[in-house]
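Each chain is listed here by its residues.
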Protein chains: 2
Amino acid sequence: MPGLLFFRVLFGPLPVTLIATPQSMHFATTLELAGGGSLQAYDLSYETYGQLNGEKSNAVLVCHALNASHHVAGVYLDASGQIQPRSQGWWDTLIGPGKPLDTDRFFVIGVNNLGSCFGSTGPMHRNPDTGEVYGADFPVLTVEDWVRAQARLLDALGIEQLAAVIGGSLGGMQALSWTLQYPQRVRHAVVVASAPNLTAENIAFNEVARRAIITDPDFHAGHFYRHQVVPKRGLRIARMIGHITYLSDDVMNEKFGRQLRAWAEQVGADRAYRFTTQEVEFEIESYLRHQGDKFAEYFDANTYLLITRALDYFDPARDFGGDLARAFAPACARFLLVSFTTDWRFSPRRSRELVRALLDNQRDVSYAEIDAPHGHDAFLLDDPRYLAVVRSYFEQVRL
Amino acid sequence: MPGLLFFRVLFGPLPVTLIATPQSMHFATTLELAGGGSLQAYDLSYETYGQLNGEKSNAVLVCHALNASHHVAGVYLDASGQIQPRSQGWWDTLIGPGKPLDTDRFFVIGVNNLGSCFGSTGPMHRNPDTGEVYGADFPVLTVEDWVRAQARLLDALGIEQLAAVIGGSLGGMQALSWTLQYPQRVRHAVVVASAPNLTAENIAFNEVARRAIITDPDFHAGHFYRHQVVPKRGLRIARMIGHITYLSDDVMNEKFGRQLRAWAEQVGADRAYRFTTQEVEFEIESYLRHQGDKFAEYFDANTYLLITRALDYFDPARDFGGDLARAFAPACARFLLVSFTTDWRFSPRRSRELVRALLDNQRDVSYAEIDAPHGHDAFLLDDPRYLAVVRSYFEQVRL
């Protein structure tokens, strides 16, 4: 078929469906934690895509943010070998065969963090010391702890040095921490829509979400598993707050504006207010409720608390009197930082602080500020300029 | 005392303490409401400051926002004639003898809106039809309804035309509505930190707050009075969300930053993280919890729903296919609009939309965009440029 050949010469190989297979690894050596606690044994869920080369020089670690997991790219198959609907990994726009982070060239590892509710050891698992479900007794974790657990996974996989570590938002904080805790093990760090620490406003939003969960009568001080209930009210509120702040005002206006819920049209009535305080009136309300309901069905309340706290605590300049340049003196990776103009939770200003601190240390830094309308969510979307920046950065990463 | 005289010549009269006395007026004529309901009889709480002149041409009506009341200026005396601590009216920076809105010259009226929990008829009062407390059965109110109730109060006070109507935020929406519903009864409208309608993001924040209240098990679908409980969890969350969004990111960083709660210093320990997900760690958390706790002690949950809905519904351009200029064609008042650069809930862009619509109608508009750091809260604070703008505007209002 010369036509198809011509097409392939012009546009490269046809897209290949990447099939993902979750794996798990058990660790039996105690992990001491920054908060003073420890985990004597734990499991980490992870996935890998592509092939590790003979020199083991092409590994890229992907760190996840708030509600994501090790399922970074590709799709899952069901028992009959069919592709499961909506099973794409959370960064499938960015990672895969021929994609900006090209799994034909790189060996990509997605890892689920400790404390999560997607497979790695977390609050819903049994504490081997007591035989009871951890619940609120699961130790508080930091970004640094996660990175040390990830380093052990790399040890087990025989990977001494990463070609790159990449993450967005909280994942970007982990990428930053890698360059500080294991400077010799990271050649490149790609830090998207992230920050050197949270602002007061960000901590405040996290705190409101946590309060909604903690004050839900079904939370039972974190031991709700024993009561066979889930603090869904709190989780819903937490997710609604999150959704508002991940989007930009402009995108919300464009997507929902002041549109009323479709019911008015359905019953053929005039598009009029219902005049209700307790029921849905506007489309945006319906959207948020739906997002909250979905989230409350699958996310763990203790995990939510742990992960938002890890966000709050991350602050590498803290031990250096707030001097970010001094904090980043140990880092010797090359950096790509990306921010999005309408991201008001992890604003370009925060990325520029990181760029400045790295430049003060004469580090090799590329920085792209993408004029995207989608707010913080942009890091998960397929803005072509953003994808092109990441692609061109990875193209120059030597193996 | 020539020294004192000299002082008074230089600096004007010594400050006079304005003593406020709440009043109430009963209305026995049915008020038909925009939402289809009605109130057969109701009371409005109000206060007045200064003297109505013989021509009744110096009256200024002050409209309140979310959680304020008729107590706009001055202080209250206790039973023994002493000034009650912290009893200043909510706009005491702006209104009083010698202040920008000068009660030596103007007769100022503060009025509490229907549905509020500060004296005017609201959800916690008895429905005369049923003898039961209204609760969730209190009719849904709009900005337009409030203005019509206010107009009846002016009728009763014998005031045909206002020298001015003034309000901030939701109060500014009422001032706008005055110029549309009663164009002949308003010579000037002062609209501070307001908007022609809420954006999707603003509706979204209101909705999360409402969901927190409605899903609080103590809410009982709005009939919590019968159960002798108060949905305090929901009210706390609602208030915390409000507080975050009324402030600017910068002010929160300046005021709280990433400061830890003072406990660490008190026990002489090193300033270290406690590593806790459920307890307070940062100052901002402590502040928000305190604000939430205070609010839940005095504010009514049904009132919160009603008032946020009135905000959501206000949209004078709605009946004109979104054409704000056409909507404002009837207005013939002169206008002062003020916005604050860091106000992200009622941003300068929204005030400029109003300015444009008024200019399209060849109206007389003054507009000040104040470079203040305090976010939406700035309209309640004593920024000298802001106060000077309001002062100079009222100085040219003819009586």
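Rules behind the numbers
- Residues numbered from 1 in each chain as written.
- Chains lettered and ligands numbered in written order.
- Predicted model: local features only at pLDDT ≥ 70, side-chain atom pairs only at ≥ 80, totals over all residues.
- Heavy atoms only, no water.
- Helix = DSSP H or I, 4+ residues; strand = E, 2+ residues; numbered from the N terminus.
- Buried < 20%, exposed > 50% of the residue type's maximum accessible area, 1.4 Å probe, protein only.
- Contact = heavy atoms within 4.5 Å.
- Areas by Shrake-Rupley, 256 points an atom, 1.4 Å probe, with all protein chains shown as cover.
- Lys, Arg positive; Asp, Glu negative; His and termini not counted.
- Charge placed at Lys NZ, Arg CZ, Asp CG, Glu CD.
- Buried area = accessible area lost by both parts, 1.4 Å probe.
- Salt bridge = Lys/Arg side-chain N within 4 Å of Asp/Glu carboxyl O.
- Polar contact = N/O pair within 3.5 Å; in protein donor to acceptor, adjacent residues only side chain to side chain.
- Least-squares fit on C-alpha atoms with pLDDT ≥ 70 in both.
- Expected span 1.5 Å × (residues − 1).
- Phe/Tyr/Trp six-rings, centres within 6.5 Å; stacked < 30°, edge-to-face > 60°.
- Lys NZ or Arg CZ within 6 Å of the ring centre and 35° of its normal.
- Core = buried A, V, L, I, M, F, W, Y, C linked by side-chain atoms within 4.5 Å.
- Pairing = 2+ DSSP bridges.
- Axes fitted to C-alpha atoms, helices over the stretch in contact; angles between N-to-C directions.

(A) Main features of the overall build of chain A. Looking only at helices and strands, chain A features 12 helices and 12 strands. Counting only C-alpha atoms, chain A reaches 65 × 65 × 50 Å along its principal axes. Going through the 399 residues of chain A one by one, you find that 59% of them count as buried. Considering only contacts within chain A whose residues lie at least 6 apart along the sequence, 70% involve residues at least 24 apart. Here chain A displays about 15,800 Å² of accessible surface, and carbon together with sulfur accounts for 50% of that area. Positive and negative side-chain charges in chain A, numbering 37 and 45 respectively, have mean positions lying 1 Å apart.

(B) Examining the interface of chain A and chain B more closely. Counting from both sides, the interface comprises 64 residues of chain A and, opposite them, 65 residues of chain B. Summing both sides of the interface, chain A and chain B together bury roughly 5,300 Å²; the carbon and sulfur share of this comes to 60%. Where chain A meets chain B, there are 10 salt bridges. Across the pair B:Arg210 and A:Glu285 runs a salt bridge whose closest N-O atoms are separated by 2.7 Å. Taken together, chain A and chain B are joined by 34 residue pairs in polar contact (both at pLDDT 80 or more). Looking at the side of chain A that touches chain B, the elements that each hand over two or more residues are α4 (200-214), α5 (232-246), α6 (249-255), α8 (283-298) and α9 (301-313) of chain A. Looking at which element gives the most residues to the side of chain A that touches chain B, the answer is α4(A), with 11 residues.

(C) Up close: the relation of the copies chain A and chain B. When chain A is fitted to chain B, the residual RMSD is 0.0 Å, and the transformation amounts to a turn of 180° plus an axial shift of 0.0 Å. Here the copies are linked by what is in effect a two-fold axis.

(D) Representation of helix α9 (residues 301-313) of chain B in the model. All names here are of chain B. When the terminal C-alpha atoms of α9 are compared, their 19 Å separation across 13 residues agrees well with the 18 Å that a helix rising 1.5 Å per residue should span. Counting buried positions over the 13 residues of α9 gives 13, a clear majority of the element. Measuring from the side-chain oxygen of the N-cap residue of α9 to the backbone nitrogen of asparagine 302 gives 3.0 Å; that N-cap residue is aspartate 300.

(E) Representation of the packing of aromatic side chains within the structure. Taken as a whole, this structure holds 50 aromatic pairs over all chains when the rule is applied. When the ring of B:Phe295 is compared with that of B:Tyr298, the centres are 5.6 Å apart and the planes differ by 80°; the resulting orientation is edge-to-face. In this pair, B:Phe295 and B:Tyr298 both sit in helix α8 (residues 283-298), three residues apart, roughly one turn of the helix. Given the relative accessible area of 1%, B:Phe295 is considered buried. Note on B:Phe295 and B:Tyr304: the rings are 5.8 Å apart at their centroids and 80° apart in plane angle, and the pair reads as edge-to-face. In this pair, the class of B:Phe295 matches that of B:Tyr304, namely buried. Of the aromatic side chains, those joined through ring pairs into one cluster are A:Phe118, A:Phe295, A:Tyr298, A:Phe299 and A:Tyr304. Lying across the ring of A:Tyr182, A:Arg185 places its NZ or CZ 5.8 Å from the centre. Across the ring face of A:Tyr273, the terminal group of B:Arg318 is positioned such that the distance to the ring centre comes to 4.1 Å.

(F) Layout of the nonpolar core. The biggest cluster of nonpolar side chains holds 269 residues, and the ones touching the most others in it are A:Trp91, A:Trp178, A:Tyr386, B:Trp91 and B:Tyr386. Ignoring sequence-local partners within four residues, the contact set of A:Trp91 consists of A:Val62, A:Val72, A:Ile166, A:Gly167, A:Gly168, A:Val192, A:Phe379, A:Leu380 and A:Tyr386.

(G) Region of the structure containing the sheet that holds strand β8 (residues 107-111) of chain B. Residue and element names in this part refer to chain B. The eight strands are arranged β1-β4-β8-β5-β9-β10-β11-β12 in an open sheet whose pairing can be described as mixed. If you trace the sheet from one side to the other, it starts and ends with β1 (23-27) and β12 (365-370), each paired once. With strand direction ignored, the average angle separating the axes of adjacent strands in the sheet is 20°. Across four bridges, strand β5 (residues 59-63) lies against strand β9 (residues 162-168) in parallel orientation. The partner of leucine 61 across the bridge, within β9, is valine 165. Its contacts with the sheet place helix α12 (residues 384-395) against β5, β9, β10 (186-192), β11 (334-340) and β12, and it is angled at close to 180° to β11.

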